[in-house]
Amino acid sequence: MRFSSARVIALALASFVLSVVFAERLPAEAGEVNIYSYRQPYLINPLLKTFTKETGIKVNVIFAEKGLIERIQAEGRNSPADLLLTVDIGNLEQATAAGIAQPVQSATLEEAIPPAYRAADGEWWGLTRRARVVYASKERVKADHITYEDLADPKWRGKICVRSGQHVYNVALIASMIAHRGEAETEAWLRGVKANLARKPAGDDRLQVKGVYAGECDLAIGNTYYMGAMLQNDKQPEQKEWANSVKLLFPNTEDRGTHVNVSGAILAKNAPHKENAVKLLEFLASDEGQRMYAEVNNEYPVKKGIPPSDLVKSWGDFKPDPITLDEIGDLRKKASELVDKVGFDEGPSS
Ligand code: FE
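Rules used throughout
Along each chain, residues carry numbers from 1 onward, in the same order as the chain's sequence is written. Side-chain atom pairs in this predicted model are given and counted only at pLDDT of 80 or more, local residue features only at pLDDT of at least 70, and totals for whole chains, interfaces and linings cover all residues. Water and hydrogen atoms play no part in the side-chain values, which are based on all heavy atoms of the structure. We count a stretch as a helix when DSSP gives it H or I for four or more residues in a row; a strand needs E for two or more, and each element gets its number in order from the N terminus. Only protein chains enter the area calculation, which uses a 1.4 Å probe; residues under 20% of their type maximum are buried, those over 50% are exposed, and those in between are partly exposed. A contact between two residues is defined here by any heavy atoms of the two lying within 4.5 Å. Here the accessible surface of atoms and residues is derived via Shrake-Rupley with a 1.4 Å probe, and residues count as covered only by protein chains that are part of the display. Positive: Lys, Arg. Negative: Asp, Glu. His and the chain ends are not part of the count. Lysine's charge is taken at NZ, arginine's at CZ, aspartate's at CG and glutamate's at CD. Domain start and stop points were drawn from an automatic or database domain assignment. Accessible area that two parts lose when put together, evaluated with a 1.4 Å probe and summed over both, is termed the buried area. Counted as salt bridges are all cases of a side-chain nitrogen of Lys or Arg within 4 Å of a carboxyl oxygen of Asp or Glu. Polar contact is the term for a pair of N or O atoms within 3.5 Å; when the atoms are in protein, one must be able to donate a hydrogen and the other to accept it, and sequence-neighboring residues count only if both atoms are side-chain atoms. Classes in brief: Ala, Val, Leu, Ile, Met, Phe, Trp, Tyr, Cys and Pro nonpolar; Asp, Glu, Lys and Arg charged; the others, Gly included, polar. Note on donors: an N, O or S atom is included if it sits within 2.8 Å of the metal, or within 3.2 Å for Na, K and Ca, and water is never included, so sites can look incomplete. Note on terminology: disulfide denotes any pair of cysteine sulfur atoms within 2.5 Å.

A. Looking closely at the overall build of the protein. Helix and strand counts for the protein stand at 14 helices and 10 strands. For the C-alpha atoms alone, the extent of the protein along its principal axes is close to 95 × 40 × 40 Å. Relative to its full complement of 350 residues, the protein shows a buried share of 50%. Sequence-distant contacts, at least 24 apart, represent 79% of the contacts inside the protein between residues at least 6 apart. Entry remark: accessible area of the protein is about 16,600 Å², with carbon and sulfur atoms responsible for 52%. Side chains of the protein carry 44 positive and 47 negative charges; the gap between the two charge centres is 4 Å.

Written out as structure tokens, the structure reads:
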């Protein structure tokens, strides 16, 4: 192809003008932010929609059930990820240990999120809270309070259902036990709970509640929001029956408090839209963001003064264990080793 020199100059001029216009418009545009999310779309989409409406910032989300931390690691400097959304101190810690996080400094976030629910170094931030509680048979359990320690009492022999001891939810709970009672006592406790199991640990938290409904066990261990998720499950109405067969007991409300974990976020180390990502974090921790989270997820807000949903409120008040999740994170490895040591996942018979 041949162009006359006049044409080349004209084309070059036109593209120059275009690029100037584009460059001038960029700062005025709100831009975008990219999220990699382990959290399900229905839980976070309403919040992201509101954020875009209020700021003009477009939110792109990739959802996956696994592999996102590895993916950000593999993408390295070219990773488009700005934020990773996940649950549990175990996963947040895995992300920071993988070196894919960068600290966030934000007075707004520090003001909104209590120190127990964020990393001291700003590398992870809790956005919602959940308590790990006991689901007790309405029919067969008279008690209306319980402690985690009680779960090892021989009076519950063959009566307890729980998922794998190696699941992040249980590892954090066991880590909190180590923090309060020491390693030796926690090991003895874990052996006691194992002896009280009704069956080999398997399935998720909801299936343990189903176990109570079916009469296989009297107590199940599970996170609070599953009560809401089961009661509101129109697609699987049988779960409403499972939920209606149990009452929630918040362990240790009379002493140290009930074990609490979070869902949360990290800012990716190579975030291409860092400023927008911090804006989104601040929105999620704002009064409005926290209220929306509480309504959609049946979780507890991390921010003080924001009430949980009416349904969550109906389960009663509880006292959260004040221990920081950083401290629990540090004891996770020990907890996981104890689970193996006592053969917890082999179930009651071995
Ligand atoms: Fe869960």
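There's plenty left to go through after this.
B. How the structure looks around the domain arrangement of the protein. By the assigned domains, the protein splits into domain 1 (5-128 + 261-309) and domain 2 (130-258 + 325-346). Taking only C-alpha atoms, the centre of domain 1 and the centre of domain 2 are 32 Å apart. Between domain 1 and domain 2 the total buried area reaches about 1,400 Å² when both faces are included, carbon and sulfur atoms providing 49% of it. The three residues of domain 1 that bury the most area against domain 2 are Asn261, Asn298 and Tyr300, which together make up 35% of that side's buried surface. At the junction of domain 1 with domain 2, the criterion picks out two salt bridges. A salt bridge links arginine 332 to glutamate 93, with the nearest nitrogen and oxygen atoms 3.4 Å apart. Linking domain 1 to domain 2 there are seven residue pairs in polar contact (both at pLDDT 80 or more). At the level of elements, α4 (88-97) and β9 (260-268) are the ones that each hand at least two residues to the side of domain 1 that touches domain 2. Considering each element in turn, the side of domain 1 that touches domain 2 owes the most residues, five residues, to α4. Class assignment for the residues of the side of domain 1 that touches domain 2 results in nine nonpolar, seven polar and five charged.

C. Representation of the side chain of threonine 128 within the structure. Tracing the backbone shows threonine 128 in strand β5 (residues 125-137). In terms of polar contacts, threonine 128 uses its side chain to reach the side chain of serine 263, at 2.6 Å. Here glutamate 299 takes part through its side chain, which lies 2.8 Å from a polar atom of the side chain of threonine 128. Beyond its immediate sequence surroundings of up to four residues, threonine 128 is in contact with Arg39, Asn261, Val262, Ser263, Tyr293, Glu299, Tyr300 and Val302.

D. Region of interest: unusual backbone geometry. Backbone geometry places aspartate 88, a non-glycine residue, at a positive phi of 75 degrees. Mapped onto the elements of the fold, aspartate 88 is located in helix α4. Assessed through its relative accessible area of 0%, aspartate 88 is described here as buried. Look at asparagine 252: it is not a glycine, yet its phi comes out positive at around 60 degrees.

E. Representation of the coordination of the iron ion in the model. At 1.9 to 2.1 Å from the iron ion lie its protein donor atoms, namely Tyr169 (OH), Tyr225 (OH) and Tyr226 (OH). In terms of primary sequence, the donors binding the iron ion are separated according to Y-x55-Y-Y. With tyrosine 169 in helix α6 (residues 168-181) and tyrosine 225 in helix α9 (residues 225-231), the pair connects residues that are 56 residues apart, well separated along the chain. Comparing tyrosine 169 with tyrosine 225 shows no difference in burial state: the two are buried.

F. Region of interest: the state of the cysteines. The tally for this structure, following the rule as stated, stands at one disulfide. Paired through a disulfide, cysteine 161 and cysteine 217 show a sulfur-sulfur distance of 2.0 Å. Disulfide cysteine 161-cysteine 217: torsion about the S-S bond near -100 degrees, hence left-handed. Pair noted here: cysteine 161 is in strand β6 (residues 160-161) and cysteine 217 is in the loop between α8 (205-213) and β7 (219-223), with a separation of 56 residues, a long-range link. The class of cysteine 161 is buried, set by a relative accessible area of 1%. We classify cysteine 217 as buried; its relative accessible area is 1%.

G. Focus on the environment of histidine 259. Note that histidine 259 resides in the loop between β8 (246-249) and β9. Residue histidine 259 is classed as buried on the basis of its relative accessible area, which comes to 2%. Along the primary structure histidine 259 and asparagine 223 are separated by 36 residues, whereas in three dimensions their C-alpha atoms are 9.9 Å apart. In this structure, histidine 259 is in contact with Arg130, Ala131, Arg132, Tyr148, Tyr169, Ala172, Leu173, Ser176, Asp321 and Ile328, ignoring residues within four places of it in sequence.

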